[in-house]
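Understanding the architecture of this molecule
If you want the building blocks of each chain, they are given just below.
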Amino acid sequence: MTVDAIIEIVAETAPEIRDGLVNRRGTTDEQNPSDEIQLEADVWADERLEDRLTALDGVGAYASEERKGIVEAGDGYSVTLDPLDGSSNLKSNNSMGTILGIYDGQLPAAGRDLVASAYVLYGPITTMMVARDDTVTEYVIEDDGSRRPVTTDLTLPADPVVYGFGGGVTDWTDEFSTFASEIQRELKLRYGGAFIGDINQVLTYGGIFAYPELETAPEGKLRLQFEGIPVGHIVATAGGRASTGTGSLLEVDPTELHQRTPVYVGNTDLIERRERV
Ligand code: FBP
């Protein structure tokens, strides 16, 4: 089945991406569509994944955070990739990820069009989190790219423990600062500079991650199509909630492929507290 094949390809490519990082820590002379300097590793991971996914029957379109346009590939699902999330962590040798969205519809597409979403976490262990058919499964990815399930029907722990808030304190809005000061007194800080590393903390221990709207960037930093929607789908499938701060992230109809959005994901009661501020 095509959805399985797409997920398999991302899993099988993960060990190659991981092994290829060590010699690709430099920057290129290019910027991505979000005007961020591209690392050699960003471009290389994107090329590997685009090459393999567009060759698959049943993939109709490929889009990535690293390329402006959509690569048409015939008929079938639309696939979105953040090939190397948190690539700024490569210099400091900290966790990074790959984020996958599989949509039954034309891009840009909303969360309601997702048929599956997944992320690879390049941590001490290479793992993959997959949300499909209303359940979340965590896999270990072996050196040969095979997947071994280690957690089935993963659900957010009911009692939250950690929080991670992006942006700079001086750039937070008054509303967010008020909310943040409450949470900081209740939970433990876990912020590692890579969305996927921080999300995996929230899914493991319970809590909240936010890259909020900022005074200087009202739409925040993270991309709706490539980061917010697929990861929001995983957290919502695990029993949590994904929000823009004012409403469901999964109900937003993207108008631009690379548009940014404020992102709040985690335990429902925490997210709803933010939405009520
Ligand atoms: P990319 O590396 O894919 O551009 O991701 C952006 C990102 O690195 C997220 O992974 C992370 O949550 C955020 O930016 C960190 O931003 P900041 O450096 O401002 O804390």
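Worth saying up front: this structure is predicted, and the values here are computed from it rather than measured.

Overall, the coordinates contain 9 aromatic pairs when judged by the stated rule. Centre to centre, the rings of Phe 176 and Phe 179 are 6.2 Å apart; their planes meet at 55°, and the pair counts as tilted. Pair noted here: Phe 176 and Phe 179 are both in helix α3 (residues 174–186), with a separation of 3 residues, about one helical turn. Phe 179 shares its class with Phe 176; the two are buried. For the pair Phe 195 and Phe 209, a centre-to-centre distance of 5.2 Å together with 50° between the ring planes defines the contact as tilted. Of this pair, Phe 195 sits in helix α4 (residues 195–205) while Phe 209 sits in strand β13 (residues 207–211), and the two are 14 residues apart along the sequence. The burial state of Phe 195 is the same as that of Phe 209; both residues are buried. Pairwise contacts between aromatic rings join Tyr 163, Phe 165, Trp 172, Phe 176, Phe 179 and Tyr 264 into one cluster. Lying over the aromatic face of Trp 44, Arg 24 brings its terminal NZ or CZ to 3.8 Å of the ring centre.

What follows is about the domain arrangement of the protein. How big an interface is tends to be reported as the loss of accessible area on association of its parts. Looking at the protein, the domain boundaries give domain 1 (2–151) and domain 2 (162–276). Opposite the 41 residues of domain 1 that make contact, domain 2 presents 31 residues. Surface buried jointly by domain 1 and domain 2 totals about 2700 Å² across both partners, of which 60% is contributed by carbon and sulfur atoms. By the criterion of area lost to domain 2, the three top residues of domain 1 are Pro 108, Arg 112 and Tyr 119, representing 20% of everything that side buries. Applying the counting rule to domain 1 against domain 2 returns 5 salt bridges. The partner of Arg 223 in a salt bridge is Glu 65, and the shortest N-O contact between them spans 3.4 Å. Here the element with the most residues in the side of domain 1 that touches domain 2 is strand β7 (residues 114–122); it accounts for 7 residues. Across the side of domain 1 that touches domain 2, the residue classes tally to 21 nonpolar, 12 polar and 8 charged.

Where empty space is left can be seen by rolling a probe of water-molecule size over the atoms. Of the pockets and cavities examined, the largest pocket occupies roughly 450 Å³. Forming the walls of the largest pocket are 26 residues, and the residues nearest its centre are Gly 86, Ser 87, Ser 88, Lys 221 and Arg 223. Put simply, the parts of the chain that give the lining of the largest pocket at least two residues each are β2 (37–39), β5 (76–85), α4 and β13. If you tally residues by element for the lining of the largest pocket, the top one is β5, at 3 residues. Of the residues contributing to the lining of the largest pocket, the split by class is 9 nonpolar, 5 polar and 12 charged. Two domains each donate at least three residues to the lining of the largest pocket, and these are domain 1 (2–151) and domain 2 (162–276).

Compared with an ideal rise of 1.5 Å per residue, which puts 13 residues at 18 Å, α3 spans 19 Å between its outermost C-alpha atoms and is within 8% of the ideal. Among the residues of α3, Phe 176, Phe 179, Ala 180 and Ile 183 are the ones counted as buried. One side of α3 carries all its buried residues, which in axial view fall inside an arc of 105°. Turned more than 90 degrees off the buried face of α3, the exposed positions are Asp 174 and Arg 185.

Turning our eyes to something else, we now look at the pairing of strand β15 (residues 263–266). The alternating pattern of β15 places Val 263 and Val 265 and Tyr 264 and Gly 266 on opposite faces, both of which are buried. With 4 bridges connecting them, β13 and β15 associate as antiparallel partners. Residue Ala 210 lies in a different strand from β15, and its bridge partner there is Tyr 264.

The next point concerns the packing of α4 against helix α5 (residues 224–237). Running from amino to carboxyl end, α4 crosses α5 at an angle of 15°, the nearest separation of the two axes being 11 Å. Considering their axes alone, α4 and α5 lie roughly parallel with respect to each other. In this structure, the crossing between α4 and α5 has a hand that is right-handed. Along its contact with α4, which presents Phe 195, Ile 196, Ile 199 and Leu 203, the element α5 presents Glu 227, Val 231, Ile 234 and Val 235. Classifying every residue of the contact of α4 with α5 by side-chain character gives 7 nonpolar, no polar and 1 charged.

To continue, consider the sheet that holds strand β14 (residues 241–243). Strand order in the open sheet made by the 5 strands is β12-β11-β13-β15-β14, with mixed pairing throughout. The open sheet has two free edges, formed respectively by β12 (188–189) and β14, since each of these has just one partner strand. Where β14 lies against β15, 3 bridges are found, and the strand directions are antiparallel. The partner of Ala 242 across the bridge, within β15, is Val 265. The strands touched by α3 within the sheet are β11 (162–165), β13 and β15, with β11 carrying the most contacts at an inclination of about 150°. Here α4 sits on the sheet in contact with β11, β13 and β15, set at roughly 160° to β13.

Procedures and definitions
Residues numbered from 1 in each chain as written. Predicted model: local features only at pLDDT ≥ 70, side-chain atom pairs only at ≥ 80, totals over all residues. Heavy atoms only, no water. Phe/Tyr/Trp six-rings, centres within 6.5 Å; stacked < 30°, edge-to-face > 60°. Helix = DSSP H or I, 4+ residues; strand = E, 2+ residues; numbered from the N terminus. Buried < 20%, exposed > 50% of the residue type's maximum accessible area, 1.4 Å probe, protein only. Lys NZ or Arg CZ within 6 Å of the ring centre and 35° of its normal. Domains from an automatic or database assignment. Contact = heavy atoms within 4.5 Å. Buried area = accessible area lost by both parts, 1.4 Å probe. Salt bridge = Lys/Arg side-chain N within 4 Å of Asp/Glu carboxyl O. Nonpolar A, V, L, I, M, F, W, Y, C, P; charged D, E, K, R; others polar. 1 Å grid on protein atoms, 1.4 Å probe; cavity = no way out; pocket = protein on both sides within 12 Å on 5 of 7 lines; lining within 4 Å. Points joined across faces, edges and corners; volume = space filled by probe spheres on them. Expected span 1.5 Å × (residues − 1). Arc of directions from axis to C-beta. Pairing = 2+ DSSP bridges. Axes fitted to C-alpha atoms, helices over the stretch in contact; angles between N-to-C directions. Parallel < 35°, antiparallel > 145°, perpendicular 65-115°, else oblique. Left-handed = near helix turned anticlockwise from the far one by under 90°.

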